[in-house]
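Residue-level listing of the chains:
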Amino acid sequence: MDVFKKFFEKKKTDIKFGKAGQGKKLTEASSSSGSAVNKPTPPQARINPSNSAQKAGQAALERFSAKPSGNVDWSLHAIKTQARREMEAEKKLLELSAADKPGTAIPPSTQTERPIQPVLFTSPFSGDEPDTYEVVKERIREALYEQLAEDESKMVAACLIIYTCNKNKEKIQICVDTLRKYLHNVILHPSEEKYRRIRVGNPAFSERVAAMQGGVELLRAVGFIEQQLSQQPDDQAATETFYVFPSDGDVESLNTAMECLEAGEAVRPVLHRSPAVLLPQQAARQPVLPPEFFTLTKEELLREMQLRKEAVEESLVLRTKAMRDRANAREMRKYRFSFIRVRFPDGLTLQGTFKVSEKLQDVREFVRSYLVNDWRPFHLCLSGGKKFSEEDNERTLAEVFMVPAALLNFQWDETVSDEQLDDFILLKPEALEQLIEQQPENQS
């Protein structure tokens, strides 16, 4: 299958780039010079609109509705419709608060939100629907074993089975080293029979190779054949099972298998972002993270919350790089994933799930993939208005303390301005379709 070959070639390329040393950005000089010219803008405090401002906004929406529909972009029309619903819902909430009658039902926006959906994953080899880690892991295993029946991909599949379907990393490495030694001996001594035979009863073979999933499958994939042979030429009665590489076997396949074992890597389920677009009323609810986000028990989590104050005080003390690295390592062990929400100026919020080991640049690319003007530079800011620097893009989410959840504000780069650009239309139509599809379910 082509997807297995592409996966293998990608791993070989990654190894070559890794040996080439640390890279350098081509735009590093230009970005540094440009950053010196740009002046940071003071953060703008976010305030709630007054009643008069809400009425003015409602009137503006009504005037906008009176315009011909042919000149209105459908995505902007969807945002306008949802904004009107939000204003009506907020008006009702104010009326309920003013009445303050006994027995009045709690508005949906103040109810405790249910936990967000479990962390989902996808398989790099198939287009199946996202599912839990264990389900997708089993799908990967089944896909790899299915490829053993294909002559073109069975060698690569056997290598990936060794790395993927066995748990003990130390035993995996011993299995790989043993197999590479067997293959290397045949390559160096193709005419010597003792190097082309592997006795199945050999304790080293049975413990290091035969006991590991994919070990025997790799030998068969490169041309080894199972035969009953005698240890002594004059004793034909006492035979044992051997894996024998034929004298006319393809030695080139052994070199390919050696490269595959060297570049091998476990195939893991890929984290699904679970993207969603929320309305302001939905985003105002406090998300309840599922247990998969944490490596801590409930008691340890409560203890961690108590230590937050001490952590804030520690952050004010000058620390060495080693001290910061140790603190970051502890942070990464506490959490597995990070739940990121990005709030846009139009009130919509884009959310997604990330690993704590992923970089801030991954969050930027995720946001960029949903922007209409995806070429236009932008900033991600903290709630206080602080912008992340270029150096922060290469730091992990744990290093920038965006775990287990974080809320960021989206802001266009003010140095890039164009009268033809509409700052109000931000997200692509497919993102707004997710918002429209979710609306009936969330309101029910």
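Residues numbered from 1 in each chain as written. Predicted model: local features only at pLDDT ≥ 70, side-chain atom pairs only at ≥ 80, totals over all residues. Heavy atoms only, no water.

S.K.: Whenever I open this one, the overall build of the protein chain confuses me. Can you help?
M.R.: Assigned secondary structure in the protein chain consists of 16 helices and 10 strands. Evaluated residue by residue, the protein chain yields a buried proportion of 34% over its 444 residues. Restricting the contact set of the protein chain to residue pairs at least 6 apart, pairs at least 24 apart contribute 71%. (Helix = DSSP H or I, 4+ residues; strand = E, 2+ residues; numbered from the N terminus. Buried < 20%, exposed > 50% of the residue type's maximum accessible area, 1.4 Å probe, protein only. Contact = heavy atoms within 4.5 Å.)

S.K.: Looking at this structure, how should I read the sheet that holds strand β9 (residues 378–381)?
M.R.: Each strand in a sheet pairs with its neighbour through backbone hydrogen bonds, running either in the same direction (parallel) or in the opposite one (antiparallel). The sheet built from 5 strands is open, its strands ordered β6-β8-β7-β10-β9 with mixed pairing. Since the sheet does not close on itself, it has two edges, and those belong to β6 (276–278) and β9, each with one partner. Each strand axis lies, on average, 30° off the axis of its neighbour in the sheet, ignoring direction. Of the pairings in the sheet, the one linking β6 to strand β8 (residues 349–355) comprises 3 bridges and is antiparallel in character. Bridging across to β8, Leu 278 finds its partner in Thr 349. Lying over the sheet, helix α15 (residues 360–368) contacts β7 (337–343), β8, β9 and β10 (405–412), oriented at roughly 140° with respect to β8. (Pairing = 2+ DSSP bridges. Axes fitted to C-alpha atoms, helices over the stretch in contact; angles between N-to-C directions.)

S.K.: Would you explain α15 in this entry?
M.R.: Each α-helix turn comprises 3.6 residues. Residues three or four places apart therefore point the same way. Within the sequence span of α15, burial applies to Leu 360, Val 363, Arg 364, Phe 366, Val 367 and Arg 368. Packed against the buried residues of α15 are β7, β8, β9 and β10.

S.K.: I'm lost on the packing of aromatic side chains in this one. Help?
M.R.: Each aromatic ring pair is specified by the distance between its two centres and by the angle formed by the two planes. Tallying each qualifying case throughout the model produces 11 aromatic pairs. A ring pair is formed by Phe 121 and Phe 337, whose centres lie 6.1 Å apart and whose planes are at 65°; its orientation type is edge-to-face. A residue pair is termed long-range when its members are at least 10 positions apart, and Phe 121 in strand β1 (residues 121–122) and Phe 337 in strand β7 qualify at 216 residues. Here the two residues Phe 121 and Phe 337 agree in accessibility, since each one is buried. Taking the centre distance of 6.3 Å and the plane angle of 45° together, the rings of Tyr 182 and Phe 205 count as tilted. Residue Tyr 182 is found in helix α7 (residues 169–188), and its partner Phe 205 is found in helix α8 (residues 203–210); the two are separated by 23 residues along the sequence. The ring of Phe 378 carries the charged tip of Arg 364 above its face, separated from the ring centre by 4.5 Å. (Phe/Tyr/Trp six-rings, centres within 6.5 Å; stacked < 30°, edge-to-face > 60°. Lys NZ or Arg CZ within 6 Å of the ring centre and 35° of its normal.)

S.K.: I would appreciate a short explanation of the side chain of Arg 341 in the present structure.
M.R.: Relative to the helices and strands, Arg 341 is located in strand β7. Residue Arg 341 is classed as buried on the basis of its relative accessible area of 6%. At a separation of 3.1 Å, a polar atom in the side chain of Arg 341 contacts the main-chain carbonyl oxygen of Ala 283. (Polar contact = N/O pair within 3.5 Å; in protein donor to acceptor, adjacent residues only side chain to side chain.)

S.K.: Honestly, the confidence of the model for the protein chain in this entry has me stumped. Any pointers?
M.R.: Per-residue pLDDT for the protein chain has a mean of 76; in total, 61% of the residues score no lower than 70. Ranking the elements of the protein chain by mean pLDDT puts helix α2 (residues 28–37) last, at 44, and α15 first, at 95. When the criterion is pLDDT under 50, residues 30–39 qualifies, and its contacts beyond four places in sequence or with other chains add up to 1 contact. (pLDDT = per-residue confidence, 0-100.)

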